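# Observations on chain architecture
One letter stands for each residue in the lines below.
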Amino acid sequence: MGKAKKRILHKTNSSLYMTREGALSEVFSMIKKPQKQARVQALDLITLFGLSAEELSEAGVPYENIKALESLIE
């Protein structure tokens with residue numbers, strides 16, 4: 001994880017340290033929730049970590065959700 005990501009995560013919550021795998025599982029759980037706030041947070045994590053469509057599909061995110069987020073995912 002780069003210095004900037006560490007600083008951003010440290011500013012939000014000093015006890016939070018998130019790995020790439022943790023971000024994938026968090027995105028998966030957020031996308032399943034119907035609330036708009038959860039989806040916005042999932043998009044933030046996707047762009048922060050630069051997650052790819054392949055990584056998300058391996059984590060179990062449905063194809064329809066990946067296609068809906070296609071413009072943000074590499």
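The structure presented is a predicted model; accordingly, all values stated were derived computationally and were not measured.

The rules we used
- Per chain, the residues get numbers from 1 upward, laid out in the order the sequence is written.
- With pLDDT at 70 or above as the cut-off, local features in this predicted model cover only qualifying residues; side-chain atom pairs require 80 or more to be listed or tallied, and sums for whole chains, interfaces and linings still use all residues.
- To get the side-chain values, take all heavy atoms of the structure and skip hydrogens and water.
- A run of H or I in DSSP becomes a helix once it reaches four residues, and a run of E becomes a strand once it reaches two; helices and strands are each numbered from the N terminus.
- Partly exposed residues are those whose accessible area sits between 20% and 50% of the maximum for their type, while under 20% is buried and over 50% is exposed, using a 1.4 Å probe and protein chains only.
- By definition in these notes, contact holds between two residues if any of their heavy atoms fall within 4.5 Å.
- For the area figures, the Shrake-Rupley method with a 1.4 Å probe applies, and any residue is considered shielded solely by the protein chains shown.
- Axis lines are fitted to C-alpha atoms, over the contacting stretch for helices. Their N-to-C directions set the angle, which ranges from 0 to 180 degrees.
- What sets the label is the angle itself: under 35 degrees gives roughly parallel, over 145 gives roughly antiparallel, 65 to 115 gives roughly perpendicular, and the rest give oblique.
- Throughout, a crossing is termed right-handed when the near helix is turned clockwise from the far one, and left-handed when it is turned anticlockwise from it by less than a right angle.
- Under the scheme applied, nonpolar residues are Ala, Val, Leu, Ile, Met, Phe, Trp, Tyr, Cys and Pro; charged residues are Asp, Glu, Lys and Arg; polar residues are all the others, including Gly.
- What makes a salt bridge here is a side-chain nitrogen of Lys or Arg within 4 Å of a carboxyl oxygen of Asp or Glu, nothing more.

Our focus in this paragraph is the overall build of the protein chain. Along the backbone of the protein chain there are five helices and zero strands. Counting helices and strands in the order they occur from the N terminus, the protein chain gives α-α-α-α-α. Within the span of the protein chain, comprising 74 residues, buried residues form 24% of the whole. Once local pairs closer than 6 in sequence are excluded, the contacts in the protein chain between residues at least 24 apart make up 48%. Of the roughly 5200 Å² that the protein chain leaves accessible, carbon and sulfur atoms contribute 53%.

Packing of helix α2 (residues 20-32) against helix α3 (residues 36-49) brings their axes to within 9 Å, and their N-to-C directions diverge by 155°. Here α2 is positioned roughly antiparallel relative to α3, judged by the angle of their axes. Crossing handedness for the pair α2 and α3: left-handed. Here α2 contributes R20, A23, E26, V27, M30 and I31 to the contact with α3, which in turn contributes A38, R39, Q41, A42, L45, I46 and F49. By residue class, the composition of the contact of α2 with α3 is nine nonpolar, one polar and three charged.

Another point: the pattern of salt bridges. Under the definition given, this model contains one salt bridge. With its nearest N and O atoms 3.0 Å apart, the salt bridge here joins R20 to E55. One end of the pair, R20, is in helix α2; the other, E55, is in helix α4 (residues 53-59), and 35 residues separate them in sequence. Judged by its relative accessible area of 30%, R20 falls in the partly exposed class.

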